[in-house]
Amino acid sequence: GIVEDESMSSSGSVVLSRTTLRTAKDALLVYAPLAQRLGMQRLKSELENTAFQILYRRQYSVASALYTGEIDDMKTIIQVLSSRIEQLLRSDPIFIDQVDEVSVSSRVKEP
């Protein structure tokens, strides 16, 4: 995987190799956008999440602390909003004449 080239420093923190850092940077800047263009949203998200965690460890820790315990609340809000948006789209006669199917998808970006 992406973090196989790691070792422990004398202070006990993980020291990542140049190869690992370069791979994470490539994943964030090249492969994640490519996956998005190919319609591979799950792969894109996994690449972004893993690369962000490797490249920006301090920021990842802060973001993780902010989301602790709030994910379920956010998922509930997203479900309500998605349902309401889909309902509004279905009730618009001009819009509904232009499409075959209406589907709203959403997700909570988890650290």
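Given the structure is predicted, the values throughout are model-derived calculations rather than measurements.

Rules used in this analysis
- Residues numbered from 1 in each chain as written.
- Predicted model: local features only at pLDDT ≥ 70, side-chain atom pairs only at ≥ 80, totals over all residues.
- Heavy atoms only, no water.
- Phe/Tyr/Trp six-rings, centres within 6.5 Å; stacked < 30°, edge-to-face > 60°.
- Buried < 20%, exposed > 50% of the residue type's maximum accessible area, 1.4 Å probe, protein only.
- Core = buried A, V, L, I, M, F, W, Y, C linked by side-chain atoms within 4.5 Å.
- Helix = DSSP H or I, 4+ residues; strand = E, 2+ residues; numbered from the N terminus.
- Contact = heavy atoms within 4.5 Å.
- Salt bridge = Lys/Arg side-chain N within 4 Å of Asp/Glu carboxyl O.

A.B. asks: Even after reading the chapter, I still don't get the packing of aromatic side chains, so can you show me in this structure?
C.D. replies: For any pair of aromatic rings, the description rests on two quantities: the centre-to-centre distance and the angle between the ring planes. Under the definition given, this model contains two aromatic pairs. Judged by centre distance (5.3 Å) and plane angle (40°), the rings of F52 and Y56 are tilted. Using a relative accessible area of 35% as the deciding quantity, one classes Y56 as partly exposed. Three or more aromatic residues link up through ring pairs in this structure, and these residues are F52, Y56 and Y60.

A.B. asks: How should the nonpolar core be read in this particular structure?
C.D. replies: General note: in soluble globular proteins, nonpolar side chains tend to be found buried as a group. Core analysis: the largest hydrophobic core is formed by five residues, namely L16, A24, A27, A51 and I54. Those elements giving two or more residues to this core turn out to be α1 (18-37) and α2 (41-55).

A.B. asks: Sorry if this is basic, but what is going on with the side chain of K44 here?
C.D. replies: Turning to its location among the elements, K44 is positioned in helix α2. Not counting residues within four places of it along the chain, the set of residues in contact with K44 comprises A32, A35 and Q36.

A.B. asks: Would you mind going over the pattern of salt bridges with me for this structure?
C.D. replies: It is possible for side chains of opposite charge to pair when their charged atoms get near one another. Applying the stated criterion to the full structure yields three salt bridges. Across the pair R22 and D26 runs a salt bridge whose closest N-O atoms are separated by 3.4 Å. Of this pair, R22 and D26 both sit in helix α1, separated by four residues, roughly a single helical turn. Here R90 makes a salt bridge to E86, at a shortest N to O gap of 2.8 Å. Pair noted here: R90 and E86 are both in helix α4 (residues 71-90), with a separation of four residues, about one helical turn.

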